[in-house]
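Listed here are the chains, written in short residue letters.
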There are 4 protein chains.
Amino acid sequence: MLEELKQIVCEANLALARSGLVAGTFGNVSGVDRDGGHVVTKPSGVAYDRMRPEQMIVVSLEDGRVVEGDLCPSGDTPAHVKLYRAFEEIGGVAHTRSVCATAWAQARREIPPLGTTHADAFHGPIPLTRLLHTGEIAKDYELNIGRVIAERFAEIEPMQIQAVLVADHGPFTWGYSPQEAVTAAADLEQVARLASETLRVEPYPVMMSRELLDKHYNRRHGEDAR
Amino acid sequence: MLEELKQIVCEANLALARSGLVAGTFGNVSGVDRDGGHVVTKPSGVAYDRMRPEQMIVVSLEDGRVVEGDLCPSGDTPAHVKLYRAFEEIGGVAHTRSVCATAWAQARREIPPLGTTHADAFHGPIPLTRLLHTGEIAKDYELNIGRVIAERFAEIEPMQIQAVLVADHGPFTWGYSPQEAVTAAADLEQVARLASETLRVEPYPVMMSRELLDKHYNRRHGEDAR
Amino acid sequence: MLEELKQIVCEANLALARSGLVAGTFGNVSGVDRDGGHVVTKPSGVAYDRMRPEQMIVVSLEDGRVVEGDLCPSGDTPAHVKLYRAFEEIGGVAHTRSVCATAWAQARREIPPLGTTHADAFHGPIPLTRLLHTGEIAKDYELNIGRVIAERFAEIEPMQIQAVLVADHGPFTWGYSPQEAVTAAADLEQVARLASETLRVEPYPVMMSRELLDKHYNRRHGEDAR
Amino acid sequence: MLEELKQIVCEANLALARSGLVAGTFGNVSGVDRDGGHVVTKPSGVAYDRMRPEQMIVVSLEDGRVVEGDLCPSGDTPAHVKLYRAFEEIGGVAHTRSVCATAWAQARREIPPLGTTHADAFHGPIPLTRLLHTGEIAKDYELNIGRVIAERFAEIEPMQIQAVLVADHGPFTWGYSPQEAVTAAADLEQVARLASETLRVEPYPVMMSRELLDKHYNRRHGEDAR
C-alpha cells in the first residue's frame, strides 16, 4: 500500500542524509496520507546507504500503530503523528540533530530573526518548546514531544514558521510535503548558523524590523510571491 | 543580443556556485554593457546545475526593465542596476549570503582591517549601510538597497573598497568585470571569517596601521603593483 | 597469532582515519584477547593508507611487553593496557585528538550533558582526569595516563560513560569491541562540538534533567532498549 | 641549475595547496642550497594547478637577487632569504594565511601551549613579532618582516619552535627541508585551531606544565625520540 508515498518518504530521507544535517542513522522524515488516515515513516536503525522504499513503515494517523512493515518505525514516530493531527495543513515532518539548530535547542533560546535570510524562510523567531515535566518524560515521552510542540504553536500558524526547537533535544520541521520538510530543516540550520556567527561578532544583536521581516517573507510566500 | 556578455555572466554565476559562497538558488552576478545601455543578469529561481547562457536576462541600464529574456530577472536586479548607475567604473556586481560576511551584516558592524589579508583586497573597513526606513521597505525595496549602498559610498571610491554590507541583509561586491565581482565576494568572505576568528581570540582587536594597510593595498592595486 | 583480532583492530584504525577524528598518523585503536592475555594494537608511525593487519603488534595484557611484531607499538599502548586491566568488561580502546573533545580537555572542563544527543550516547558528564604530578610525567608517563583514567572512574561504570578527557591531552574512548571504541570517539566529538556550539549561544547553559538523561540513555542502552 | 631542489620546492608548494592552508595563489614555500649560496622559491601569481618545477626561481642567498627564472619571485622572498641567513640550520621556509594561525597574528597574541598536541610539535608558545615601524614598512618591507622574525628569535632556538606569527600579518614556518616547513605550517594551524576552540570553552585557560611540555616535545624530537 501507499507505494508512491513510500517512494517519496524514502527519497526525502535520503535527501536528508545527503544534506549533511544528520550523522549515522539519526534523523527521520515522514509523510502523511490524510485520505486514508496513514503516516509513512522511516524504519528504525537502517543505514541510509541501504534504505529502500519497501522498508518504509505505515502507521495509523489515528493512534500511531503499525499498519504495515516488518521493521520498527523510527522511535520519534509518535511525535510525527501528533504533529500531523495538530497541524492539519502539513504533509511532511522532519527531525534532525543538525549542529547549530541543536545548539540553540540546548541553549534553550529561540532563534531571533536577525536578517533577510531568516525572513526569506521563516515568518518570525524560531519558537522553543517548554521542557517536559517528569511525568511527561516517564510515560508517552515521544508523543509528549509532539504535544509540547503543538502547545507552543497554539497562537502561531505552522505554515508561517515551519520549524521548532524542542528544548534540550533538537529541531523538528515540516511542510506541505516530506521534501518541503527537508528543505525547512536545511533552511533552519542555515539560519541557526548565521545567528550563531552573528553572536560571535555582536553578543547583543538587535532583531530585524517587523517591516523587513514581512517584506522578505511575503516576497517569497505571500500572495504577491514570485 | 549580447551573447558574449551572457556567456561571461553565466560563467560568473557558475563560479559563484562552485565557490561555496551561496546555497540553493541564492546569489546572483550581473554584468553591464555601458555602450548599449544594458545589464545582463541571472534569471530568478533557476538551479545552478541547469543554468545556460541563453537563459540570462537583459534589462535596461536606464530603468531596469526587461529588454530580452523569457524568465524573470533575479529579484535583486534593481539594486544591481542602481549600482551600475552610481559607480561608473564598475563592470560587474555580485550578491551572496556567504556566512561570515552575512553575520557581520546581521551584527550591523563594519569589518575593520585587522591584517594584511584584508589590506591585500580592500583599502579600508568594509562599510555598512544604514537600515532602510519603513517607506523604503514598502516601495521600491530592491532599488532602495542600491540607493543606500550608493549613499554609503558618497565619500568612498568604489574601486578602492569593492564590497559593502547591507545591514540585516548581506554583502554586495563589484569589480571591473563579473568575474572580478565574484573574486571580491570570495575575498570578502575570507576577510570576514578571519575577523570573526580574531574576535574569538581577542574581543577588542586593534586595527592595523594606516601605513601597513596602504602598503599591502598599493602593492597589489597601486601604480607600483606587481 | 590472533589473525582475526589483528584484522578487526586494523579495520578499526582505518575506520578512525576515515572518520576525520585524527590527522596524520595520530590516533590509535586496540583490541584485547582476554582468554590469551594479549592486546593487539597499532604500530607507531605507520601511515593509515599503508596499514595492513599483519603489521599490528601483539603485547602482553599483563605487563605490556611486545609478544609479536616487527614495528614499535603505538606510544600510548601502556595506557590502553592499563585500561583493559582496570575495566574488565571492555574489548577495545581508542585514542584521538579530535578537535572539540581535545579543546574541552585543554580547557580542563568536563562536558556537561546538555541535550538528548549526549544522553543517547553517554550516561552523564564526560569525566576529566586530574593533571599528572611531576613524578608521574617523568616516569611511566603513558602507564600513568591509564592510571589517572582508572582513578577517575573509581565510582563510574565504564560502560555507562565510554569516554574520558585526559586533562591537557585529549580523549580516550572504549567499548565492547574496537569498532565500538571508534563509535564512542565519534559520538564524543559530536557531543563536544554541540556543547561548544551551545556555549557560543548561551555562556551559562543549564544541564539537562536527570530524568531526560536517563530516558534517552536507557532507551538505547537499558534493558528496554530497542 | 638546482633541478632537484626545484622539484622539491615545487612539490612542497603543491603539498601546501593540497593541505587547504592557502587560498587562491596565496602562500609560498622555498628551499635553500647552502653550498651554492642559492634559494629556490615559488614564482609570483602562478596558479597551483599549473605550477611546474622549471618555473621555480633561483635567487641569491646573499642579497636575494634573481639568478635564474623568467617570472618574478614570490613577493615574500626577501623575508625567506633573511630567515635562511638568520637561522643557519634550516633548509625550508613556508608562508601561509591559514585561518586560525592568522587570527592569532591579527589578535596580536602568542599561542600558549595548552596541551600535548602543541607540545608534540612546538617546544613553547608560538612567538609573535613586534609591529613594524613606519619606516620599516615604507622601505625594504619584506626584508624587514624577516628581520623582526629573526629579532624575535634572538633567544629562541629556531628548530625548537619552527613557527612564528608576524603581527597583523600571518604565520611563517620552517624546517630542515621545504617539506618539513609545510608540515610545520599544518601543525601550527592545528595547534592554533585547538587553542581557539579551547578559548571558546574556557576564556582563561591555564598553560600546560613545563614538565608535560618537555615530556611530549622530547619524546618526539629529543635524544630519546622514538
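This text goes with the structure placed above it.
Residues numbered from 1 in each chain as written. Chains lettered and ligands numbered in written order. Predicted model: local features only at pLDDT ≥ 70, side-chain atom pairs only at ≥ 80, totals over all residues. Heavy atoms only, no water.

(A) Examining the overall build of chain A more closely. Regarding its fold elements, chain A presents eight helices and seven strands. At 17 Å, chain A has a C-alpha radius of gyration in line with the 17 Å of a compact globule built from 226 residues. Across its three principal axes, chain A shows a C-alpha extent of roughly 50 × 45 × 35 Å. Buried positions account for 58% of the 226 residues belonging to chain A. Across chain A, contacts joining residues at least 24 apart in sequence account for 62% of those joining residues at least 6 apart. By element, 48% of the accessible surface of chain A is carried by carbon and sulfur atoms, the whole surface being about 9000 Å². (Helix = DSSP H or I, 4+ residues; strand = E, 2+ residues; numbered from the N terminus. Rg over C-alpha atoms; globule rule 2.2 N^0.38 Å. Buried < 20%, exposed > 50% of the residue type's maximum accessible area, 1.4 Å probe, protein only. Contact = heavy atoms within 4.5 Å. Areas by Shrake-Rupley, 256 points an atom, 1.4 Å probe, with all protein chains shown as cover.)

(B) Molecular detail of a positive patch on the surface. On the surface, R193(A), R193(B), R193(C) and R193(D) cluster together into a positively charged patch. By the element assignment, R193(A) lies in helix α7 (residues 178-201). Residue classification places R193(A) among the partly exposed positions, given a relative accessible area of 38%. (Patch = residues over 30% accessible without salt bridge, like charges linked within 9 Å, V, L, I, M, F, W, Y side chains within 5 Å. Salt bridge = Lys/Arg side-chain N within 4 Å of Asp/Glu carboxyl O. Lys, Arg positive; Asp, Glu negative; His and termini not counted. Charge placed at Lys NZ, Arg CZ, Asp CG, Glu CD.)

(C) Structural detail: the interface of chain A and chain B. Listed by partner, the interface residues are 25 residues for chain A and 23 residues for chain B. With both sides pooled, the region where chain A packs onto chain B buries about 2300 Å², and carbon together with sulfur makes up 53% of that total. Where chain A meets chain B, there are three salt bridges. Among the ionic pairs, D120(A) bridges to R97(B), the shortest N-O distance being 3.0 Å. Along the contact surface separating chain A from chain B lie 11 residue pairs in polar contact (both at pLDDT 80 or more). Counting residues per element, the ones that place at least two in the side of chain A that touches chain B are α4 (116-121), α7 and α8 (210-221) of chain A. Here the element with the most residues in the side of chain A that touches chain B is α7(A); it accounts for eight residues. Looking at the side of chain A that touches chain B residue by residue, the classes come out as eight nonpolar, seven polar and 10 charged. (Buried area = accessible area lost by both parts, 1.4 Å probe. Polar contact = N/O pair within 3.5 Å; in protein donor to acceptor, adjacent residues only side chain to side chain. Nonpolar A, V, L, I, M, F, W, Y, C, P; charged D, E, K, R; others polar.)

(D) Quick peek at the relation of the copies chain A and chain B. Between chain A and chain B, which share one sequence, the superposing operator has a rotation angle of 90° and an axial displacement of 0.0 Å; the RMSD is 0.0 Å. Taken together, the rotation and translation relating the two chain copies correspond to the operation of a four-fold axis. Among all C-alpha atoms of chain A, that of R200(A) lies closest to the rotation axis, at 5.1 Å. When the interface residues of chain A are mapped onto chain B, a mere 8% of them again fall at the interface, so the copies present different faces. (Least-squares fit on C-alpha atoms with pLDDT ≥ 70 in both.)

(E) Highlighting the side chain of T129(A). Residue and element names in this part refer to chain A. One can find T129 in the loop between α4 and α5 (134-138). You can call T129 buried: its relative accessible area is 3%. There is a polar contact of 3.1 Å between the side chain of T129 and the backbone nitrogen of A167. Setting aside its immediate chain neighbours within four residues, T129 contacts V148, I149, R152, V164, L165, V166 and A167.

(F) Local environment of the interface of chain B and chain D. Contacts between the two partners involve 25 residues from chain B and, on the opposite side, 23 residues from chain D. The contact between chain B and chain D buries some 2200 Å² in all, and 53% of this surface belongs to carbon and sulfur atoms. Interface area lost by chain B to chain D is led by R200(B), V201(B) and K215(B), which between them contribute 27%. If you look at where chain B meets chain D, you find three salt bridges. The partner of R219(B) in a salt bridge is E142(D), with the nearest N and O atoms 2.4 Å apart. Linking chain B with chain D are 11 residue pairs in polar contact (both at pLDDT 80 or more), by the criterion used here. Going through the elements one at a time, α4 (116-121), α7 (178-201) and α8 (210-221) of chain B are the ones with two or more residues in the side of chain B that touches chain D. A total of eight residues in the side of chain B that touches chain D trace back to one element, the largest contributor, which is α7(B). Looking at the side of chain B that touches chain D residue by residue, the class counts come to eight nonpolar, seven polar and 10 charged.

(G) Molecular detail of the pattern of salt bridges. Scanning the entire structure with this criterion turns up 64 salt bridges over all chains. Between E197(A) and R200(A) there is a salt bridge, with its nearest N and O atoms 3.0 Å apart. Placement of both E197(A) and R200(A) in helix α7 is noted, with a separation of three residues, approximately one turn of the helix. Its relative accessible area of 6% is what places E197(A) among the buried residues. The class for R200(A) is buried, based on a relative accessible area of 16%. The residue K6(D) makes a salt bridge to E3(D) at a minimum N-O spacing of 3.8 Å. Here K6(D) and its partner E3(D) are both found in helix α1 (residues 3-18), three residues apart, which amounts to about one turn of the helix. Exposure remark for K6(D): the relative accessible area of 3% places this residue in the buried category. Taken together, the shared-partner salt bridges in this structure form one network comprising E197(A), R200(A), E197(B), R200(B), E197(C), R200(C), E197(D) and R200(D).

(H) Just the pairing of strand β2 (residues 38-41) of chain C, in detail. Residue and element names in this part refer to chain C. Neither face of β2 is exposed, since H38 and V40 on one face and V39 and T41 on the opposite face are all buried. Where strand β1 (residues 28-33) meets β2, three bridges bridge the pair, whose relative direction is antiparallel. Residue pairing in the sheet places V32 in a bridge with V39 of β2. Hairpin geometry of β1 and β2 is characterised by an intervening segment of four residues between the two adjacent antiparallel strands and by a positive phi of about 75° at G37. (Pairing = 2+ DSSP bridges.)

(I) Layout of the relation of the copies chain B and chain D. Superposition of chain B onto chain D requires a rotation of 90° combined with a translation of 0.1 Å along the rotation axis, giving an RMSD of 0.0 Å. Take the interface residues of chain B: only 8% of them recur as interface residues in chain D, which is what a contact between different surfaces looks like.

(J) Focus on the packing of α1(D) against helix α7 (residues 178-201) of chain D. All names here are of chain D. In the contact formed by α1 and α7, the axes pass within 8 Å of each other and the chain directions differ by 15°. What the angle tells us is that α1 and α7 run roughly parallel. The hand of the α1/α7 crossing is right-handed. Residue-level contacts link I8, V9, A12, A15 and L16 of α1 to P178, Q179, V182 and A185 of α7. (Axes fitted to C-alpha atoms, helices over the stretch in contact; angles between N-to-C directions. Parallel < 35°, antiparallel > 145°, perpendicular 65-115°, else oblique. Left-handed = near helix turned anticlockwise from the far one by under 90°.)

(K) Examining the sheet that holds strand β3 (residues 57-60) of chain C more closely. Residues and elements named next belong to chain C. Strand order in the open sheet formed by seven strands is β4-β3-β2-β1-β5-β7-β6, with antiparallel pairing between adjacent strands. Edge strands, defined here as strands with exactly one partner in the open sheet, are β4 (66-68) and β6 (163-166). Averaged over all pairs of adjacent strands, the angle between their axes in this sheet comes to 25°, without regard to strand direction. Set on the sheet, helix α2 (residues 77-86) makes contact with β1, β2, β3, β5 (92-95) and β7 (170-175); between it and β1 the angle comes to about 40°.

The analysis is restricted to geometry; functional conclusions fall outside its scope.
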